[in-house]
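Okay, here's what each chain looks like letter by letter:
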Amino acid sequence: MPNVSNPFRGLPSVNQLLESPQLKSLVDSANHNVVVGGVRTFLDHLRDQISAATEEVQIPTPQELAEKIANWISGEEQPHLRSVINATGVILHTGLGRAPLADEAIDEITAMAQGYASVEIDLTTGKRSQRDLAVKKLLCQLTGAPSATVVNNNAAATMLALSAMATGKEVIVSRGQLVEIGGSYRLPDVMECSRAKLKEVGTTNKTRLSDYESAINENTGAILRVHPSNYRVVGFTETVPLDELVKLARKHNLPVIDDVGSGALVDFAAYGLDDEPLVCESVQQGADVVLFSGDKLVGGPQCGIIVGQDHWIQKIKKHPMTRAMRVDKMTLAGLAATLRMYRDPESANRKVPLLAMLSTSEANLKLRAARLSEQIAAAPCVESAKPVAGSSTLGGGTLPEQYIATWCVGIKPAAISVDELSQKLRMGTPSIFGRINQDQLLLDLRTVLPKYDVALVDAITCLVNSDESSQNSTAAAE
Ligand SMILES: *Cc1c(COP(=O)(O)O)cnc(C)c1O
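So, here is what we can say about the structure in this document. Computed from a predicted model, the values in this text were never measured in an experiment.

Conventions and cut-offs
Residues numbered from 1 in each chain as written. Predicted model: local features only at pLDDT ≥ 70, side-chain atom pairs only at ≥ 80, totals over all residues. Heavy atoms only, no water. Near = heavy atom within 4 Å. Polar contact = N/O pair within 3.5 Å; in protein donor to acceptor, adjacent residues only side chain to side chain. Areas by Shrake-Rupley, 256 points an atom, 1.4 Å probe, with all protein chains shown as cover. Helix = DSSP H or I, 4+ residues; strand = E, 2+ residues; numbered from the N terminus. Nonpolar A, V, L, I, M, F, W, Y, C, P; charged D, E, K, R; others polar. Pairing = 2+ DSSP bridges. Axes fitted to C-alpha atoms, helices over the stretch in contact; angles between N-to-C directions. Salt bridge = Lys/Arg side-chain N within 4 Å of Asp/Glu carboxyl O. Phe/Tyr/Trp six-rings, centres within 6.5 Å; stacked < 30°, edge-to-face > 60°. Buried < 20%, exposed > 50% of the residue type's maximum accessible area, 1.4 Å probe, protein only. Parallel < 35°, antiparallel > 145°, perpendicular 65-115°, else oblique. Left-handed = near helix turned anticlockwise from the far one by under 90°. Contact = heavy atoms within 4.5 Å. Core = buried A, V, L, I, M, F, W, Y, C linked by side-chain atoms within 4.5 Å. Domains from an automatic or database assignment.

As a further point, take the site of the ligand. Close to the ligand lie 13 residues; A155, S229, D259, S293 and K296 are nearest. In this structure, R98 approaches the ligand through a side-chain N or O atom, which is 2.9 Å from an oxygen atom. Contacts to the ligand include A155, whose backbone N or O atom sits 2.9 Å from an oxygen atom. When the free accessible area of the ligand is taken as 380 Å², the share hidden by the protein chains comes to 94%. Of all the secondary structure elements, the ones that give two or more residues to the shell around the ligand are α7 (154–166) and β6 (256–261). The class makeup of the residues in the shell around the ligand is four nonpolar, six polar and three charged.

Attention now moves to the sheet that holds strand β2 (residues 147–151). Strand order across the open sheet formed by seven strands is β2-β8-β7-β6-β5-β3-β4, with mixed pairing between neighbours. Because the sheet does not close on itself, it has two edges, and the strands there are β2 and β4 (197–201). Between one strand axis and the next, the sheet turns by 25 degrees as a mean value, whatever way the strands run. The pairing of strand β3 (residues 170–174) with strand β5 (residues 220–226) spans three bridges and is classified as parallel. Residue pairing for β5: I172 is matched across the bridge by I223.

The tally for this structure, following the rule as stated, stands at 21 salt bridges. The residue E120 makes a salt bridge to R128 at a minimum N-O spacing of 2.8 Å. When salt bridges with common partners are traced through the structure, they connect E120, R128, R131 and R326 into a single cluster.

In this section: the packing of aromatic side chains. Tallying each qualifying case throughout the model produces two aromatic pairs. Pairing F42 with W72 gives two aromatic rings, centres 5.6 Å apart and planes at 65 degrees, and the pair type is edge-to-face. Of this pair, F42 sits in helix α3 (residues 32–52) while W72 is found in helix α4 (residues 62–77), placing the two residues 30 residues apart along the sequence. In this structure, F42 and W72 share a single accessibility class: buried.

Direction vectors running N to C along α7 and helix α8 (residues 187–194) enclose 50 degrees, while the axes themselves pass 8 Å from each other. If you check the angle between α7 and α8, you find them oblique. Classified by chirality, the crossing of α8 by α7 is right-handed. Of the residues in α8, those in contact with A155, T158, M159, L162 and S163 of α7 are L187, V190, M191, C193 and S194.

T429 connects to P430 through a cis peptide bond whose omega is -5 degrees. You will see that R98, though not glycine, has its phi angle at about 55 degrees, which is positive. With respect to the helices and strands, the residue R98 is situated in the loop between β1 (84–86) and α5 (103–114). We classify R98 as buried; its relative accessible area is 18%.

This paragraph deals with the nonpolar core. Across soluble globular proteins, nonpolar side chains show a tendency to be buried alongside one another. Core analysis: the largest hydrophobic core is formed by 60 residues, its most contacted members being F268, F292, V307, L339, Y342, L354 and L355. It is helix α13 (residues 329–342) that contributes the most residues to this core, six residues altogether. Taken domain by domain, this core gets at least three of its residues from each of domain 2 (84–93 + 358–477) and domain 3 (103–351). In contact with F268, not counting residues within four places along its chain, are L273, L297, L354, L355 and L358. Grouped together as the second largest cluster of nonpolar side chains are 29 residues, M159, Y185, V190 and I306 included.

This is the structure in structure tokens:
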């Protein structure tokens, strides 16, 4: 510890700093309280650093300090949630919010968000009704199920179905289907929360009907099938088809819960992707309830959809936790508008962005990649930009190992590294995410909606190549 009488003597006061042009102009764009609070926090932090320092700390001049603080406050004022141009090629990127919504869904959400809406009121009688009526009929039509409801996400749907249908009882699951979908969703943990008891059967690679059969006893509450969305067990394998599980369950008067995960409402084989179970097939084969996400292959807002036998749906709806996981009017509006488009598959294909992205031809992407490459190559931070063939993936825990041919703009940066370019683009406005492949940054056009092409080029063109800009954006209180 240096034994200096007052090591803070060199620091300007809050009022002095507020007189600086940088902070004065910030007051206009942010607001007075935010700037004063920011200056205080920064100074406190600096004093702590000075006290903790073992050597004498060089205190910045008041001008330097004002500038540092202004940059730091500007950085802190940037919203954490920002819109992103997804050029990663991962169509359902969970980190980037999964499916972008159709204009029709956005219009409906806007209309409902602006004012009041008939969320839980029957317009004919004026009496209380149920919020899932906004989507129930559509879900029944599209899946063939007699009943349906919707909750916050598929994790909630799974928890509620297990708890309402089998709490305190054993639920039989194949060892090959004990999925983890991203760090915080693990089926055994969800099952524990539901207070249903996991009864694992079979092995990782092989589970037979007889495994299920011999596990059934008087404590059994349900049979659960889970679609291994984000992995595949290949090679020496055996699983029991759903219709056989249903037959077995019927014999013992047990329900079958089918967690199909992504929820294909149309056959994705038409897009060159196989292996995704169709919701309507699960219903047809007799699953008592089928669970899936609204923001994976449906291409709608985040929610968890439950379709199936009405008495089970009613039981789930009466579960006390269902209220804690209910959806709001915006989700209902967005989901209803998305589902309406599926009644005409041709129109869904054009209007639901997920389906439009999947059905864009390679030739189309190649043309766009050529045009954008030319424009991007002219940007000061770019050494070269060329069309590059590549492959996109569906992502979001769907269809592992399946790739979709695509075209990218491959960028080599001028003067900075690919990592630096990638970071600058991520931190820009709009934020742009690409993927790095060796010494290039690839911008995969399959996941970039054409309406963002101009913004994409502009953002890259506007990037300044000096170190100053990166200091501005990353300066922190250190
Ligand atoms: C994605 C997925 C979930 C979790 O769904 P969320 O909507 O993300 O909560 C559960 N089960 C399966 C099989 C999935 O694929």
